[in-house]
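Listed below, chain by chain, are the residues.
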There are 4 protein chains.
Amino acid sequence: MILANDSSDQDIKPSSKLSRKELYDDFKRVRSFSDVLTEPLLTEDYVIQTMTDVSPTKWHLAHTSWFFEAFVLSEIYKDYKSIDPKYTYLFNSYYVQVGERHCRPKRGLLSRPTVNEIYDYRNYVDHNMEKLFEELDDKIFEAIAPVIEIGIHHEQQHQELILTDIKHVFSENPLDPVYQKNNYKSFEINTIFNWIKFDEGIHYVGNNGDTFGFDNEFPYHKTLMQPFQIASRLTTNAEYIEFIEDGGYQETNLWLSDGWSTVSSNNWNSPLYWDKVKGEWWNFTLNGFKKVNPDEPVCHVSFYEADAFARWAGARLPTEFEWEVVSSNAKKEGNFVENMNFNPIPNGNFVEPIQQMYGDVWEWTRSPYSPYPGYKTLPGALGEYNGKFMCNQMVLKGGSCATSKTHIRNTYRNFFSPESRWQFMGIRLAKDAE
Amino acid sequence: MILANDSSDQDIKPSSKLSRKELYDDFKRVRSFSDVLTEPLLTEDYVIQTMTDVSPTKWHLAHTSWFFEAFVLSEIYKDYKSIDPKYTYLFNSYYVQVGERHCRPKRGLLSRPTVNEIYDYRNYVDHNMEKLFEELDDKIFEAIAPVIEIGIHHEQQHQELILTDIKHVFSENPLDPVYQKNNYKSFEINTIFNWIKFDEGIHYVGNNGDTFGFDNEFPYHKTLMQPFQIASRLTTNAEYIEFIEDGGYQETNLWLSDGWSTVSSNNWNSPLYWDKVKGEWWNFTLNGFKKVNPDEPVCHVSFYEADAFARWAGARLPTEFEWEVVSSNAKKEGNFVENMNFNPIPNGNFVEPIQQMYGDVWEWTRSPYSPYPGYKTLPGALGEYNGKFMCNQMVLKGGSCATSKTHIRNTYRNFFSPESRWQFMGIRLAKDAE
Amino acid sequence: MILANDSSDQDIKPSSKLSRKELYDDFKRVRSFSDVLTEPLLTEDYVIQTMTDVSPTKWHLAHTSWFFEAFVLSEIYKDYKSIDPKYTYLFNSYYVQVGERHCRPKRGLLSRPTVNEIYDYRNYVDHNMEKLFEELDDKIFEAIAPVIEIGIHHEQQHQELILTDIKHVFSENPLDPVYQKNNYKSFEINTIFNWIKFDEGIHYVGNNGDTFGFDNEFPYHKTLMQPFQIASRLTTNAEYIEFIEDGGYQETNLWLSDGWSTVSSNNWNSPLYWDKVKGEWWNFTLNGFKKVNPDEPVCHVSFYEADAFARWAGARLPTEFEWEVVSSNAKKEGNFVENMNFNPIPNGNFVEPIQQMYGDVWEWTRSPYSPYPGYKTLPGALGEYNGKFMCNQMVLKGGSCATSKTHIRNTYRNFFSPESRWQFMGIRLAKDAE
Amino acid sequence: MILANDSSDQDIKPSSKLSRKELYDDFKRVRSFSDVLTEPLLTEDYVIQTMTDVSPTKWHLAHTSWFFEAFVLSEIYKDYKSIDPKYTYLFNSYYVQVGERHCRPKRGLLSRPTVNEIYDYRNYVDHNMEKLFEELDDKIFEAIAPVIEIGIHHEQQHQELILTDIKHVFSENPLDPVYQKNNYKSFEINTIFNWIKFDEGIHYVGNNGDTFGFDNEFPYHKTLMQPFQIASRLTTNAEYIEFIEDGGYQETNLWLSDGWSTVSSNNWNSPLYWDKVKGEWWNFTLNGFKKVNPDEPVCHVSFYEADAFARWAGARLPTEFEWEVVSSNAKKEGNFVENMNFNPIPNGNFVEPIQQMYGDVWEWTRSPYSPYPGYKTLPGALGEYNGKFMCNQMVLKGGSCATSKTHIRNTYRNFFSPESRWQFMGIRLAKDAE
């Protein structure tokens, strides 16, 4: 059984490791976390789409509910009826077999259904899902459980998008709306930078099936890796400002050819959301418009900028497998969305040799998003688009301050096109063995 | 003193014919009519911009209030303070001397200020204006009165835009929202078509200053006109369908060169808002999605379509002066916005020889929008853009079902670019004398 | 019988004033003048198209020959055969009834037919035309004579385009090719500027049929004109440089709205072909890259620039009828293409009260290109596009240094879209009576 | 020392395996082969640029000469002077350190220098190179030899482009010019299709330095490969027509997301140069416009089409390493440019188990063009763009009917963006082990 979400394609082993009770608790917890995230918003905030990549908040809320209707409820209950049959058309993202879809760039042209109507829709779906959890025959439940599990992970992906998208919406508004006042407390900061060495070796990579995984993490397989070194922590704003001030954005030689075109035609000279005010760098955050903190990990850079920075620094980006091997024994701790910072924070870890592997920012790798050897597309509507995005995109690892801790794992492959930068994306350096 | 509104340039005699009391009553009446027009809307409806020409309803409500702040209140009260100083930036449309402006195509990217905040802003302005009406010294009042009068007419222009813009917003929504259920009652319909002849002659055209007028209606001047004939009524949907079915949209020879490019590159084959459903023409209206009524005046056609239709019919469009001379003795009666139909209605006039000169639809003329001989641009911010639009636009006459009766007059020159069709625009034929 | 050429629509009285001998002499003279104009070119120069408006020289040479095939030879000789049947497709410009056409922007993508093949084609057509002149029955000849006359005028129009187009082609080449070394001799220069006054009056305008004219010059008709004043000479480069240095290109208030968009999006800050080198203005001409001569008429400005300049100068552009009335008694003398200067020259006329009405530069008027009252489109392929361009274009009068003296006349209406500037276009000021 | 050519980035070992005599012979042979390839062209054919990817023939001839001036002659002779100093600007492709460049999409706007002038330029450079071969001190020669070797390979790359570009130029011409009448003789055709199996294993890939190689082929390194199967021959036109007729271009599920956008927005429904005439497929070739030969390898398909075809066929494309391992023992024989067919030909090999590995068509792999582990960018102008194109491109292997036999090798990595199809590009299928 397979699932494709709005910006990825994924495949799962067709069984769930979770009990009915665990799944129900996850469902309740994740669904209600969407309410937590939208609490600071006013009605008008739910409606806006500021660029094609961004979807209105109310669309995300409806689309994640539609998912349970399309792939669970109407699969189980043949007479299942949605509140409004047109919702299928409006809130499908790209599943062709499920029918026609409303055009993505036009999601911001819809005043109706209203926010209230969409909450009614969510309640309607939740109500039906709860009934299903209660009453469904065990055998049938077991068959549908993996799809429900996907639906839960799917909603977590859209929770991350709700945050990155509302950040973009607010950033376009001259009134500088604040999503949430900052709540992180200052602490001692570890700025030490080390290169950590790894030897040549044959490693297993990919998901071994012990936990949930999307299809693109499979099959689990061996790979031969050359020796390499990796940075002990993320690149900071202070380091990135050095790159800017050294003329990094003006030096053609540092850039990939497509990167140079992108930077030139968009007149980029700093990360997204940065602005120079009276000689000082400020940036727009979900906590307001603030001075750039030099100790925070740099964020909202494209692959092109990450790659040019690495070249400037005499280094390179890691491959996805280097990152995976490095992190394979790391604890999954970090600045996740559960911390409610909604922004990366400085490195406060003095204990581990390698820090900040999880949370804060997605880490760009130099690996194009490609199928693993033996990767298979599975049949059916959920799987129709598996592999569909495996071209012109780069892999990112580790999750961000907008990712749920329960959503991320070592083998997770996020991917975006190399010019994207509205997600919380940053840089960890690597280099070849000397 | 001069005023330029969002889509016109205008000039007034620097004195008002109205008493302080009359002006106050007009102010109150027109301001509150904006509330009437927005009554059917829900919060989300106020936010959307579906194309560059369209502005969100809340923008219109704020911009018309801003006008009184920028050109009246802050002129009179040197210490006048707006609720939020950024509103000047957000709600200025194009008056450069008043400062920088928020970019037009981005009006739909703003969730804040909210609808409630904009109503607070309107109340704040109204309150201050009422104070001004009460307390202002007569001499100063007399000087500012013509600007207030312009402000009132300016708001009436935006009331028309509120209707045409929300129509476009609703038309993009697959849920087919209804602005108001139709309330017009059927009656006997006059479909008789006559050519009415006019002789050669020298006529005075333009505004003689007895009533209010925008600057583009001045100076009042003589013109020599050749003999011509004009249609006794507007072109109907039935007649336009004949044109469509005769292959009008496929016959290059009927079209202006720029018209053919426009039709081809946009794949137009009918008026805006029309859709063929199972062999029958339907159209989206503010009263819902309905079958095209053959007896209604055709509406939402561009100049190019009006011109091609006229050529197909062996006729042409009238010049603006022909229209002005024909209407000079007509009663200003018709289907105006006060009727609350929000749609053109069939011709029910059996009395006058020439019908439907006012209301229903703006009538395209073949006259490019140009300055009258002796036209002068006046000094100051209100006048800074006079004449600015006198290129690549065509003149329309007579007002529509979205125009206030108290706003329109014989000499009124509306103008739009020849490919525009989201206003209520239609066709009256003319031809040369035989 | 009617003719439309590549950039105009035209109508003629269906008889020629010229004898068979006169027409034959004109035909020979005009056809061979095309050879004179292409003499400085090398094979590669004939092939290039630098923008959509520009056609390759070899296309012009072929298209003007095709005209005689399509509208004369194949009309007279039913068994007439072209050298290659595909030429009809390749060298038709826009006469739909004559069949499909090769797409205009792709004219520069054709290496074949070669230049030699096109000269063979011209000779083939000339040979057949001469046979026709010799042998045709008088009665048939009389019927076809007006079409031949149009064909001759049509070729003269394309001779002007050969010059303006090769100028654009050469200007794009970093090697600065020179078409012809300058041959004009310096003389005493008249820089005196006067306003010449004209009273209100009723005038006849348009072509009265005594000479050849295109259809857009008809019908001859009365018009009532207000009093006005006109500049005694053309605007010079020195005057235009004052406008530039006074910040004319930066001052929004001086510009039409569409003009400001055009100037901003193209980053215009001087006429086409001008370049500032070490603080001095230079311009690319057909005589080489040279310092701007302050006494020459300014050239290669768009309507928007002419209009903004006039506003800056406290004046306006003349209407087409003002120009026509002013020039009605002027001698048709000036710097025409026969002078072989290929560039406007300073005013050397100390005799006439109004100078430079003809030749040097086409003079922008403020008149949109519209049909005269009573204008009629005639039937048949030559007339199929009459009136087709009567939208979004402005009228120019008087001819230029690239126009044949035998081609221009008082009533001639040239027209281009307001942003065009690759023709030899300049400025004469006018203003209202004081 | 490093070299980057117009569409690749390359790296060489800084010494040449060739003797001075061998290098000289290669230089003479390759330079004169450019004359052979341009022999069928007329002057006008050298000038045209039909799309940004295409360069005019005369540009290729000049650019390959410029290369020897910029990187050899002016390095060796400090007082070296080019015929025209502006040629450096005009014929540089993208080497920023060598100075500014004429904009790529404008290469077709240059009539000068003429074709004759460019041949003079080539002769001038050849003359100076011969002098260098004769007179240069051995030690210095040895240092510059690898750059000369690169220059020779660089010219071979542009010889391939001369053919693919003139094919595109001719294909745009309605007169269907023929570059060369077909000269291939029919023979017995092998249409048998087998899957050839390969086991898991660790293999060395990349260039071991025994022969010339570009920098992107280094370092030679180990890789671990999973078992796989590969097609014994190329995909034929007959097989691709089956895909078309089965609705392959209409079936979203078969396509990558970016592929579907590309196909939809360009309305592709067959390979480039194909046209359906009266129910039969024809294609434009350098031998004329001909019926599609079902037995020829399919050609002029993009990566997207190759990938969709493979999915439709229940297979996938090979990785670049799979292709390299398969071909490592194959003889370098095939239909190369030396055969002067200028078109792929049917499979006539009944001897080898795997056929058509070299020549005919470049074979798309599923491998994104990425740096090998340990890949290094070298210093200097020739190397300034190494790695510059390693994003958004796919690797192709094996050479085509437009590639020189002396240019291709097992480890050669060609690369193009996935939507390119004007090169001779085709398909070999692969699949996972069962």
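Residues numbered from 1 in each chain as written. Chains lettered and ligands numbered in written order. Predicted model: local features only at pLDDT ≥ 70, side-chain atom pairs only at ≥ 80, totals over all residues. Heavy atoms only, no water.

## Comments concerning the side chain of C:Arg112
Item 1. Among the structural elements, C:Arg112 can be located in the loop between α3 (87-91) and α4 (115-135).
Item 2. What makes C:Arg112 buried here is its relative accessible area of 15%.
Item 3. Here D:Asp45 takes part through its side chain, which lies 2.6 Å from a polar atom of the side chain of C:Arg112.
Item 4. Here C:Arg112 is in contact with C:Lys58, D:Pro40, D:Leu42, D:Asp45, D:Phe170, D:Asn173, D:Leu175 and D:Pro177, once residues within four sequence places are set aside. (Helix = DSSP H or I, 4+ residues; strand = E, 2+ residues; numbered from the N terminus. Buried < 20%, exposed > 50% of the residue type's maximum accessible area, 1.4 Å probe, protein only. Polar contact = N/O pair within 3.5 Å; in protein donor to acceptor, adjacent residues only side chain to side chain. Contact = heavy atoms within 4.5 Å.)

## Thoughts on the interface of chain C and chain B
Item 1. Contacts between the two partners involve 34 residues from chain C, matched on the other side by 35 residues from chain B.
Item 2. The junction of chain C with chain B conceals about 2,700 Å² of combined surface from both sides, 53% of it contributed by carbon and sulfur atoms.
Item 3. Counting across the chain C and chain B interface gives four salt bridges.
Item 4. Here C:Lys376 makes a salt bridge to B:Asp432, at a shortest N to O gap of 3.7 Å.
Item 5. Where chain C meets chain B, there are 10 residue pairs in polar contact (both at pLDDT 80 or more).
Item 6. Of the residues assigned to the side of chain C that touches chain B, the class counts are 16 nonpolar, 10 polar and eight charged. (Buried area = accessible area lost by both parts, 1.4 Å probe. Salt bridge = Lys/Arg side-chain N within 4 Å of Asp/Glu carboxyl O. Nonpolar A, V, L, I, M, F, W, Y, C, P; charged D, E, K, R; others polar.)

## Details of the side chain of C:His221
Item 1. In this fold, C:His221 is placed in strand β5 (residues 221-225).
Item 2. A distance of 2.9 Å separates a polar atom in the side chain of C:His221 from the backbone oxygen of C:Pro219.
Item 3. Leaving out residues up to four positions away in the same chain, C:His221 has contacts with B:Gln226, C:His203, C:Tyr204, C:Val205, C:Phe321, C:Tyr372 and C:Pro373.

## Focus: the arrangement of the chains
Item 1. Separating chain A from chain C is a minimum C-alpha gap of 14 Å, and the two share no contact.
Item 2. If you take every C-alpha in chain B and every C-alpha in chain D, the smallest gap between them is 14 Å, and the two do not touch.

## Details of unusual backbone geometry
When glycine is set aside, most residues are seen to have a negative phi, and most peptide bonds are trans.
Item 1. Following A:Phe218, the chain continues into A:Pro219 via a peptide bond in cis, with omega recorded as -10°.
Item 2. Secondary-structure assignment places A:Pro219 in the loop between β4 (201-205) and β5 (221-225).
Item 3. Positive phi is not limited to glycine here, since B:Gln356 has a value of about 65°.
Item 4. Along the polypeptide, B:Gln356 turns up in the loop between β10 (334-335) and β11 (358-359).

## Some points on helix α8 (residues 303-312) of chain B
Residue and element names in this part refer to chain B.
Item 1. The buried fraction of α8 amounts to eight of the 10 residues, a majority that puts the element mostly inside the structure.
Item 2. Check the buried side of α8 and you find it contacts α6 (237-245), α7 (257-266), β12 (362-368) and β13 (394-397).
Item 3. Immediately beyond the C-terminal end of α8, within one or two residues, lies Gly314, with a positive phi of roughly 70°.

Purely geometric stuff here, so don't read any function into it on its own.
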